[in-house]
Amino acid sequence: MARVVKWVFFALFVAICNAEETEERSKRATTVWSLSSVPHSSHVSTILGHFKPIYHDWGDDSISTSTKHSSSRALRIFYEKGSYSKVHDHRGAGFYSRPSAISSSVDAMILKYDVYFENFGFGIGGKLPGLFGGENGEGAYKCSGGSNPSSCFSLRLMWRKDGDGELYAYIPTNQESGFKDRDDVIAHSTYGQSLGRGKFRFMNNKWHSISEEVHINTVGKTDGWVKICVQAEGHSQQCYTANHLRMRNTNSHHLRGMFFSTFFGGSEKSYAAPNDCYSYFKNFQILTPSHAVVG
């Protein structure tokens, strides 16, 4: 019994320390873009207006707004039963957002947002927003859907079965020796790499506060890292850090902004949404630590 009590106090101590560390990092960072709520409109171009400039947007038929679960208006995404990445109606939405306040030479960045899952059967898995980067041009938007060119990297989140979370990373193939054998890595030959699966968990019908902090590597080294913290309302914060990563192989590649991406999938029908469901997003922030701008 004493051992159980000690374990509980240790787990609580770790959660408190993680929360304090995350808060302290945010205090040392500069907010370069934020959007607490979206406008009330039936026009997608108006709804997404504050995310602009945006690139390669899709999923207009799934995008709307709502105050159903909060007083501030959230971006609502609809996933129709049976939809997944290869089904083109009501299957989610995506776009790359590069707010103009973001410098062209940022090597560290924090993305924050809140997400609510309504009526979710999580199925096999699906995508959530994360940061992206690469060259300062069209090549930066290529790292998804089984395409992993040397011009970009992307660091989205995923939900998996029963709400297990992970970092889903399209990163260069020349990772450190033994990368594929790491306990926190599920390696894929073509698609993104699954990092830290089950280290945090999403819950149905609750708001979650998400933080993703990325420090990309020094060229020629695998010293990049990504820290993800997730806190569901009424629950302790859960954090996972993926260390010893390579996101770039050239000094001209930097962080570019947010890859808003959410759908069920996977590219196979087995990933399809098990029922009609929604996600809601609000309180977006992009921050840069004081040492994040180079060059």
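About the cut-offs
- Residues numbered from 1 in each chain as written.
- Predicted model: local features only at pLDDT ≥ 70, side-chain atom pairs only at ≥ 80, totals over all residues.
- Heavy atoms only, no water.
- Helix = DSSP H or I, 4+ residues; strand = E, 2+ residues; numbered from the N terminus.
- Phe/Tyr/Trp six-rings, centres within 6.5 Å; stacked < 30°, edge-to-face > 60°.
- Buried < 20%, exposed > 50% of the residue type's maximum accessible area, 1.4 Å probe, protein only.
- Lys NZ or Arg CZ within 6 Å of the ring centre and 35° of its normal.
- Core = buried A, V, L, I, M, F, W, Y, C linked by side-chain atoms within 4.5 Å.
- Contact = heavy atoms within 4.5 Å.
- Disulfide = S-S within 2.5 Å.
- Pairing = 2+ DSSP bridges.
- Salt bridge = Lys/Arg side-chain N within 4 Å of Asp/Glu carboxyl O.
- Polar contact = N/O pair within 3.5 Å; in protein donor to acceptor, adjacent residues only side chain to side chain.

Enquirer: When you look at the environment of V106 in this model, what are you seeing that I'm missing?
Expert: In this fold, V106 is placed in the loop between strand 5 (93-97) and strand 6 (108-118). Sequence-wise, V106 and G133 are 27 residues apart; in three dimensions their C-alpha atoms are separated by 9.4 Å.

Enquirer: Could you clarify how one ought to interpret the packing of aromatic side chains in this entry?
Expert: Both the distance between ring centres and the angle between the ring planes are used here to describe each pair of aromatic rings. Taken as a whole and assessed by the stated rule, the structure comprises 34 aromatic pairs. Plain terms: the ring middles of Y79 and W159 are 6.1 Å apart, the flat faces sit at 85 degrees to each other, and that makes the pair edge-to-face. Of this pair, Y79 sits in strand 4 (residues 74-79) while W159 is found in strand 8 (residues 152-160), placing the two residues 80 residues apart along the sequence. Overall, the relative accessible area of 0% leaves W159 in the buried class. In this structure an aromatic cluster arises from ring pairing among Y79, F117, F120, F122, W159, F200, F202 and F264. For the cation-ring pair, K282 lies above W207, with the distance from its terminal atom to the ring centre recorded as 4.5 Å.

Enquirer: Where do I start with the nonpolar core in this structure?
Expert: Considering soluble globular proteins, one finds that nonpolar side chains tend to be buried as a cluster. Counting residues in hydrophobic clusters, the biggest one holds 56 residues, and the most contacted among them are F51, L75 and F202. Sort the elements by how many residues they give to this core and strand 6 lands first, with five residues. Discounting residues that sit within four places of it in the chain, F202 has contacts with F117, F122, L128, L157, M158, W159, D162, G163, G165, H208, I210 and V230.

Enquirer: Which parts of the structure should I look at to understand the state of the cysteines?
Expert: Scanning the entire structure with this criterion turns up two disulfides. In this model, C143 is linked to C152 through a disulfide, with the two sulfur atoms separated by 2.1 Å. One disulfide, between C143 and C152, carries an S-S torsion of 90 degrees and so falls in the right-handed class. One exposure class covers both C143 and C152, and it is buried. If one numbers only the bonded cysteines of the protein chain, in the order they occur, the disulfide pattern is 1-2, 3-4.

Enquirer: Help me understand the sheet that holds strand 9 (residues 165-170), please; the structure alone is not making it clear to me.
Expert: Whether parallel or antiparallel, the strands of a sheet pair through hydrogen bonds between backbone atoms. Pairing within the open sheet is antiparallel, and its eight strands lie in the order 2-5-15-7-8-9-11-10. Both edges of this open sheet fall to strand 2 (54-58) and strand 10 (185-186), since each of them pairs with a single strand only.

Enquirer: Looking at this structure, I do not really get the pairing of strand 14 (residues 238-245). What am I missing?
Expert: For a regular strand, side-chain orientation follows a simple rule: the groups alternate between the two sheet faces. For strand 13 (residues 224-232) and strand 14, the ladder comprises six bridges, and the chain directions are antiparallel. Residue pairing across strands places C229 opposite C239, the latter belonging to strand 14. Counted between consecutive antiparallel strands, the loop separating strand 13 from strand 14 contains five residues, among which G234 sits at a positive phi close to 85 degrees.

Enquirer: What is the right way to look at unusual backbone geometry in this model?
Expert: Glycine aside, the phi torsion of most residues is negative, and most peptide linkages are trans. Geometrically, the link from K52 to P53 is a cis peptide bond, its omega value of 0 degrees lying close to zero. Among the structural elements, P53 can be located in the loop between helix 2 (44-47) and strand 2. With omega at -10 degrees, the peptide bond leading from G265 into G266 counts as cis. A positive phi angle, near 55 degrees, is found at H56, a position not held by glycine. Note on placement: H56 falls in strand 2. Since its relative accessible area comes to 42%, H56 is described here as partly exposed.

Enquirer: Please explain the pattern of salt bridges as it appears in this structure.
Expert: A side chain with one charge may pair with a side chain of the opposite charge, provided their charged atoms come close. Inspection of the entire model under this criterion finds eight salt bridges. Here R197 ties to E166 by a salt bridge, and the two come within 2.7 Å at their closest N and O atoms. Of the two residues, R197 is situated in the loop between strand 11 (193-195) and strand 12 (207-215) and E166 in strand 9; the sequence distance between them amounts to 31 residues. Looking at E166, the relative accessible area reads 0%, which means it is buried.

Enquirer: Would you mind going over the environment of F281 with me for this structure?
Expert: In this fold, F281 is placed in strand 16 (residues 277-289). Here the alpha-carbon distance between F281 and H208, two residues 73 residues apart in the chain, equals 9.6 Å. The contact partners of F281, leaving out residues within four places of it in the chain, are A74, L75, I77, Y113, D114, V115, L128, P129, F260 and T262.

Enquirer: Got a minute to help me understand the side chain of H254 in this structure?
Expert: Mapped onto the secondary structure, H254 falls in strand 15 (residues 254-262). Here the side chain of H254 touches N251 through a polar contact of 3.1 Å, landing on its backbone oxygen.

Enquirer: Is there a simple way to think about the side chain of H253 in this case?
Expert: By secondary structure assignment, the location of H253 is in the loop between strand 14 and strand 15. Note on H253: relative accessible area 6%, which makes it buried. If sequence neighbours within four positions are ignored, H253 has contacts with D107, G134, E135, S150, S151, C152, I216 and R248.

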